[in-house]
Amino acid sequence: SLPWSMFLLVGAASREQRAGSRGQGAEGREPLAANRSLLAARLVVVLVVATIVVHLGVANMAACLTLMVPIAVAFARTVGLNPIAAGLIVGIVVDTVILYPVQTAS
């Protein structure tokens, strides 16, 4: 009865914790790798904002996913992100933009 986003959150948090315990934090990276991770974070923010804007215009979740997942995958391949992660980001964003029943289209 738990949502899938909870599993993804716990998995990502435990992965980051393991990476930090092995001394692979940002301070141990070379400057170029730190710049790449900052660029990747900015690209993810762009993907999240674009998905939110499209979802505000396309209220149906299935239609928004059908529209945005191929775009996100193509965007991810172009900029060097993981396409599966981009698809998951779109799914999570589309699922969490509408928080209250009042915000849903009738």
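Residues numbered from 1 in each chain as written. Predicted model: local features only at pLDDT ≥ 70, side-chain atom pairs only at ≥ 80, totals over all residues. Heavy atoms only, no water.

Moving on, we come to the overall build of the protein. For the protein, the helix and strand inventory stands at four helices and zero strands. Listed by position from the N terminus, the elements making up the protein come as α-α-α-α. Across the 106 residues that make up the protein, the buried fraction comes to 16%. (Helix = DSSP H or I, 4+ residues; strand = E, 2+ residues; numbered from the N terminus. Buried < 20%, exposed > 50% of the residue type's maximum accessible area, 1.4 Å probe, protein only.)

All right, on to helix H3 (residues 61-79) then. With 19 residues, H3 should reach 27 Å at 1.5 Å per residue; the first-to-last C-alpha distance of 26 Å fits that figure. Taking the largest bend as the criterion, H3 deviates by roughly 25°, centred on methionine 68, and proline proline 70 comes between one and four positions later. Turning to H3, its buried residues are Cys64, Met68, Ala72, Val73 and Ala76. At the N-terminal boundary of H3, the capping side chain belongs to asparagine 60, with an oxygen 3.1 Å from the backbone nitrogen of alanine 62. Residue glycine 80 follows H3 closely and has a positive phi angle near 90°. (Expected span 1.5 Å × (residues − 1). Bend = angle between axes of the 7 residues up to and from the residue. Polar contact = N/O pair within 3.5 Å; in protein donor to acceptor, adjacent residues only side chain to side chain.)

Mapped onto the secondary structure, threonine 51 falls in helix H2 (residues 31-57). Its relative accessible area of 0% is what places threonine 51 among the buried residues. Excluding anything up to four places from it in sequence, threonine 51 contacts Met68, Val90, Val93 and Val94. (Contact = heavy atoms within 4.5 Å.)

With that out of the way, let us pick up a nonpolar patch on the surface. On the surface, Val45, Val49 and Val53 cluster together to form a nonpolar patch covering roughly 260 Å² of accessible area. Residue position: valine 49 is located in helix H2. Taking the relative accessible area as the measure of exposure, valine 49 reaches 46% and is therefore partly exposed. (Patch = residues over 30% accessible without salt bridge, like charges linked within 9 Å, V, L, I, M, F, W, Y side chains within 5 Å. Areas by Shrake-Rupley, 256 points an atom, 1.4 Å probe, with all protein chains shown as cover. Salt bridge = Lys/Arg side-chain N within 4 Å of Asp/Glu carboxyl O.)

Let us look at the environment of histidine 55. Positionally, histidine 55 belongs in helix H2. For histidine 55, a relative accessible area of 3% corresponds to the buried category. A distance of 3.2 Å separates a polar atom in the side chain of histidine 55 from the backbone oxygen of valine 58.

Summing up the model confidence of the protein, the mean pLDDT is 76 and the portion of residues at 70 or higher is 61%. Here helix H1 (residues 4-21) stands out as the least confident element of the protein, with mean pLDDT 61; H3 is the most confident, with 89. In this model, residues 19-26 is a region of pLDDT below 50 whose contacts with residues beyond four sequence positions or in other chains number three contacts. (pLDDT = per-residue confidence, 0-100.)

Turning our attention to the nonpolar core. The biggest cluster of nonpolar side chains holds 10 residues, and these are Leu43, Leu47, Cys64, Met68, Ala72, Ala76, Leu81, Ala86, Val90 and Val94. Among the elements of the structure, H2, H3 and helix H4 (83-97) are those that each provide at least two residues to this core. Of the residues forming this core, the biggest block, four residues, is contributed by H3. Aside from chain neighbours lying at most four places away, what touches cysteine 64 is Val54, His55, Val58 and Val94. (Core = buried A, V, L, I, M, F, W, Y, C linked by side-chain atoms within 4.5 Å.)

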